[in-house]
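Read off the chains here:
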Amino acid sequence: MPKLKIATIEGDGIGPEVTQAAVKVLETACGHDIFDFEMVPGGAGHYQKSGQVLPDETFTACRDMDAILHGAAGLPGVVYPDGTEVGNELHLQLRFRLDLYANVRPVKLLPGAVSPLRAFKDGGIDYVIIRENTEGLYASRGAGVVLRDEVATDTLMVTRKGTERVARFAFELSRARAGAPLDGKRRVTVCDKANILRSYAFFRSICDEVARDYEDVEIDYAYADAITVHLLKRPDFYDVIVAENMFGDIISDLGATTVGGMGISPSAEIGDKHALFQGAHGSAPDIAGQNLASPLATILSATMMLRWLADQRSAPALAEAGDRIDAAVTQVLADGETVPHDLGGSAKCTEMTDAICRALG
Ligand code: ATP
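Residues numbered from 1 in each chain as written. Predicted model: local features only at pLDDT ≥ 70, side-chain atom pairs only at ≥ 80, totals over all residues. Heavy atoms only, no water.

Considerations on the packing of helix α7 (residues 224-233) against helix α8 (residues 245-258)
Following both chains from N to C, one finds α7 and α8 inclined at 10°, their axes separated by 10 Å at the closest point. Comparing the axis directions of α7 and α8 gives the class roughly parallel. The crossing of α7 and α8 is right-handed. Counted together, A224, I227, T228, L231 and L232 of α7 and F247, I251, L254 and T258 of α8 form the full contact between these two elements. (Axes fitted to C-alpha atoms, helices over the stretch in contact; angles between N-to-C directions. Helix = DSSP H or I, 4+ residues; strand = E, 2+ residues; numbered from the N terminus. Parallel < 35°, antiparallel > 145°, perpendicular 65-115°, else oblique. Left-handed = near helix turned anticlockwise from the far one by under 90°. Contact = heavy atoms within 4.5 Å.)

Dropping the structure here:
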């Protein structure tokens with residue numbers, strides 16, 4: 001197999017540290033002959049220097065290469081005249097232009113990571129949020145209207161095509177999983193506010209239509225406000241949750257907190273042809289450049305990249321490498337000797353990375 005080209009955008013804040021960690025772990029697991037990591041610029045810092053948050057050559061690399069690996073983007077105070085953050089534009093543009101419609105956010109309690117929900121131990125929380133990534137409220141980014149400094153509007157957009165494909169993605173994923181920890185049932189929960197807005201009622205009705213093709217998967221519904229309670233009280237009930245863009249954004253931060261925080265929560269943004277992998281966290285400027293960041297979220301996102309590439313290329317060895325990295329992360333956390341700062345330990349970013357590389361043997 002020719003080397004796989006990975007468009008690699010380190011970005012801002014802790015982005016470079018966590019990206020370098022993931023590259024090191026990938027090379028330890030797979031050797032040096034599988035990947036070419038092509039470093040390409042982008043982010044708020046690059047915008048300050050060049051006026052471009054996503055330069056054309058970076059977009060072309062992301063479009064033409066085999067996958068995208070990203071650290072994080074965004075710096076406080078680097079904003080457009082309308083007050084919105086420049087850094088977010090990097091992945092928002094990639095989402096829209098490469099049609100990365102399914103944002104996959106696993107929420108899994110690993111051994112060694114302590115949940116603030118005391119009733120739950122490792123394995124007790126294991127669900128995946130599928131956040132619709134190209135529509136919903138965020139689709140109107142840049143097109144909202146502020147009238148006479150008195151009234152502001154943004155439009156929430158839900159389409160049949162956009163909902164159908166993300167719902168199908170969620171049902172397919174549930175089918176491939178082992179069900180919810182509570183009862184082993186394969187279940188897709190539709191998260192919306194169908195009781196309040198037509199757009200959400202439409203979202204739900206399309207999910208219902210798709211569900212008819214998946215009789216082996218239960219369909220379940222939760223209003224976005226109610227699910228914030230359920231995710232704290234009975235997270236083990238959930239298997240796969242599909243949500244409109246903004247709701248998915250909000251509940252995935254909540255879910256991440258129940259399994260140890262943003263530093264351990266991976267994310268993949270997947271379309272029919274392209275995919276981007278980055279931790280669920282932002283650029284964490286408060287700890288940037290101090291070697292304090294946890295690299296786990298980015299490393300676990302890299303294992304999602306391996307599995308996606310394995311499917312795309314029919315290359316099971318890549319998925320096996322992903323399994324080995326996941327096992328190494330689990331082993332390091334379970335040993336409890338090398339624990340990152342955000343999980344209550346003192347291991348630096350490079351120390352966590354080296355421990356995982358050692359566990360890979
Ligand atoms: P964004 O809106 O860009 O997603 P954010 O404003 O939600 O970002 P983050 O940058 O994710 O915020 O940071 C939130 C908090 O989590 C900060 O206190 C940060 O230090 C911490 N944090 C985020 N990522 C990590 C990490 N990888 N390791 C340790 N702490 C982290």
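That covers the picture; the talk isn't over yet.
Digging into helix α9 (residues 296-313)
Given 3.6 residues to a turn, an α-helix orients residues that are three or four positions apart in the same direction. The terminal C-alpha atoms of α9 lie 25 Å apart, and with 18 residues this matches the ideal 26 Å at 1.5 Å per residue to within 8%. Most of α9 sits inside the fold, with 14 of its 18 residues counted as buried. (Expected span 1.5 Å × (residues − 1). Buried < 20%, exposed > 50% of the residue type's maximum accessible area, 1.4 Å probe, protein only.)

So, the site of the ligand
All residues in the neighbourhood of the ligand are listed as I14, G263, H281, G282, S283, A284, D286, I287, A293, S294 and D342. The separation between an oxygen atom of the ligand and a polar side-chain atom of D286 is 2.9 Å. A distance of 2.9 Å separates a nitrogen atom of the ligand from a polar atom in the backbone of S294. Classifying every residue of the shell around the ligand gives 4 nonpolar, 5 polar and 2 charged. (Near = heavy atom within 4 Å. Polar contact = N/O pair within 3.5 Å; in protein donor to acceptor, adjacent residues only side chain to side chain. Nonpolar A, V, L, I, M, F, W, Y, C, P; charged D, E, K, R; others polar.)

Thoughts on unusual backbone geometry
Positive phi values are uncommon outside glycine, yet R148 reaches one of about 50°. Tracing the sequence through the fold places R148 in the loop between β6 (145-147) and β7 (151-153). In this model, N291 sits at a positive phi of 65°, which is unusual for a non-glycine residue.

Quick notes on the side chain of S140
Looking at the element boundaries, S140 is found in the loop between β5 (126-132) and β6. If we skip the residues at most four places from it in the chain, S140 touches D154 and T155.

Let's talk about a nonpolar patch on the surface
Taken together, the side chains of V145, L147 and V151 make up a nonpolar region of the molecular surface, amounting to roughly 220 Å² of accessible area. Turning to its location among the elements, V151 is positioned in strand β7. (Patch = residues over 30% accessible without salt bridge, like charges linked within 9 Å, V, L, I, M, F, W, Y side chains within 5 Å. Areas by Shrake-Rupley, 256 points an atom, 1.4 Å probe, with all protein chains shown as cover. Salt bridge = Lys/Arg side-chain N within 4 Å of Asp/Glu carboxyl O.)

Thoughts on the sheet that holds strand β2 (residues 35-39)
With mixed pairing, the 10 strands of this open sheet are ordered in space as β2-β1-β3-β12-β11-β4-β5-β10-β8-β9. Unpaired on one side and paired on the other, β2 and β9 (218-223) mark the two borders of the sheet. Averaged over all neighbouring strand pairs, the angle between strand axes comes to 25°, with direction disregarded. (Pairing = 2+ DSSP bridges.)

What about the packing of aromatic side chains?
Enumeration over the complete set of coordinates arrives at 7 aromatic pairs. Centre to centre, the rings of Y47 and Y80 are 5.7 Å apart; their planes meet at 85°, and the pair counts as edge-to-face. Of this pair, Y47 sits in helix α2 (residues 44-50) while Y80 sits in the loop between β3 (67-72) and α4 (88-97), and the two are 33 residues apart along the sequence. Assessed through its relative accessible area of 24%, Y47 is described here as partly exposed. When the ring of F237 is compared with that of Y238, the centres are 5.2 Å apart and the planes differ by 90°; the resulting orientation is edge-to-face. The pair F237 / Y238 is uniform in exposure class, with both members buried. Among the aromatic residues, those joined into a cluster by ring pairs are Y127, F237 and Y238. Seen from the ring of F59, R97 lies directly overhead, with NZ or CZ sitting 3.8 Å from the centre. Over the face of the ring belonging to F237 we find R187, whose NZ or CZ atom lies 3.8 Å from the ring centre. (Phe/Tyr/Trp six-rings, centres within 6.5 Å; stacked < 30°, edge-to-face > 60°. Lys NZ or Arg CZ within 6 Å of the ring centre and 35° of its normal.)

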